[in-house]
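Descriptive analysis of the structure
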Amino acid sequence: MTKYEIITTILSTIAILVSVFMPLTKWLWKTYIIRTKIVFHKMDQATLFFNKSGSYIRINGVIEAKNKVAIIKKVSLTLTREKDNLTKKLSWIYLISPVTQTLMGNILQQAQECAHPFRVEANSIACAFIEFGDPYKSSEIKILRSCSIIDNLIAQQPPKSSYGEAFDTLSKLPEYLESKNNILSDNYWDIGKYIANINIEYNNNKNKTFSYEFTLSEQNYEELRRNADEILTIKLKELYKEKYLFQSPTVELNDKGDF
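Residues numbered from 1 in each chain as written. Predicted model: local features only at pLDDT ≥ 70, side-chain atom pairs only at ≥ 80, totals over all residues. Heavy atoms only, no water.

Attention now moves to the pattern of salt bridges. Counted according to the given criterion, the structure contains 10 salt bridges. A salt bridge links Lys 172 to Asp 168, with the shortest nitrogen-to-oxygen separation between them at 3.3 Å. The salt bridge partner of Glu 230 is Lys 237, with a shortest N-O separation of 2.8 Å. Taking the relative accessible area as the measure of exposure, Glu 230 reaches 9% and is therefore buried. (Salt bridge = Lys/Arg side-chain N within 4 Å of Asp/Glu carboxyl O. Buried < 20%, exposed > 50% of the residue type's maximum accessible area, 1.4 Å probe, protein only.)

Here Phe 118 lies in strand 6 (residues 118-120). Separated by 84 residues in the primary sequence, Phe 118 and Tyr 202 have C-alpha atoms spaced 9.6 Å apart. Those residues within four positions of Phe 118 in sequence are excluded, and the remaining contacts are Ile 63, Ala 70, Ile 71, Ile 72, Trp 92, Leu 95, Ala 126 and Cys 127. (Helix = DSSP H or I, 4+ residues; strand = E, 2+ residues; numbered from the N terminus. Contact = heavy atoms within 4.5 Å.)

Here we take up the side chain of Asn 60. Inspection of the secondary structure assignment puts Asn 60 in strand 2 (residues 54-66). Excluding its chain neighbours within four sequence positions, the residues that come into contact with Asn 60 are Phe 40, Lys 42, Met 43, Ala 128, Phe 129 and Ile 130.

Now for unusual backbone geometry. Phi at Asn 203 takes a positive value of approximately 50 degrees, unusual for a residue other than glycine. Residue position: Asn 203 is located in the loop between strand 9 (192-202) and strand 10 (206-216).

It is worth spelling out the packing of aromatic side chains at this point. Applying the stated criterion across every chain yields a total of 12 aromatic pairs. Between Tyr 163 and Tyr 240, the ring centres sit 6.4 Å apart and the planes meet at 65 degrees, which makes this aromatic pair edge-to-face. A residue pair is termed long-range when its members are at least 10 positions apart, and Tyr 163 in helix 3 (residues 163-171) and Tyr 240 in helix 6 (residues 234-240) qualify at 77 residues. The exposure class of Tyr 163 is buried, given its relative accessible area of 15%. (Phe/Tyr/Trp six-rings, centres within 6.5 Å; stacked < 30°, edge-to-face > 60°.)

Encoded structure:
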């Protein structure tokens, strides 16, 4: 074999090895070396609720999957009230559509579906408008018990000339005052700062937590407290065809860090 043939053979062998091992190396790199990284990009505001379902919150954002596909299995939220370190553990209950729909000509509403696992393609994003609530409905059970007492009183109340007169009579009853106090005692929202830790469970039992903070103003607090009367007078407003006036204030959601 000539020197030229030896060099040619060596180069050919190298070319074959490269053609075989390069794809294998890429596969090994993508499969075992590169890891999925997820990022939660939140919007600037969160919406607070207090109604028959208790105290809960909606946080809107998108989830980004870097490098590889991510299967989002569950999203949970731990709230901590800074003034007394009282925590409230919530889980995703609904996924909210970012598209607003018009109902009955003038009512704007966003479609929602029960929370479920979803897939985020590699190097892309998926909408994550999430309503977090109590999966055990502990507050809702207590509140509905109080509502049942007031609904029975409303059914026994003689008709009045207006809703205002009916509410004035109802709200002075000791049973109403006791029920209202019971509902307010279950209201988690108070004036001051809160820490919100969002935990995202994805792929094979991997977890990533993103930490934020927000502050309730006195105005926010009073708006949410007034919902106690709205909760107890749903039946009464149905009878007198009055509008519901539930308040759902928004608060600024600020980055605290992630870990």
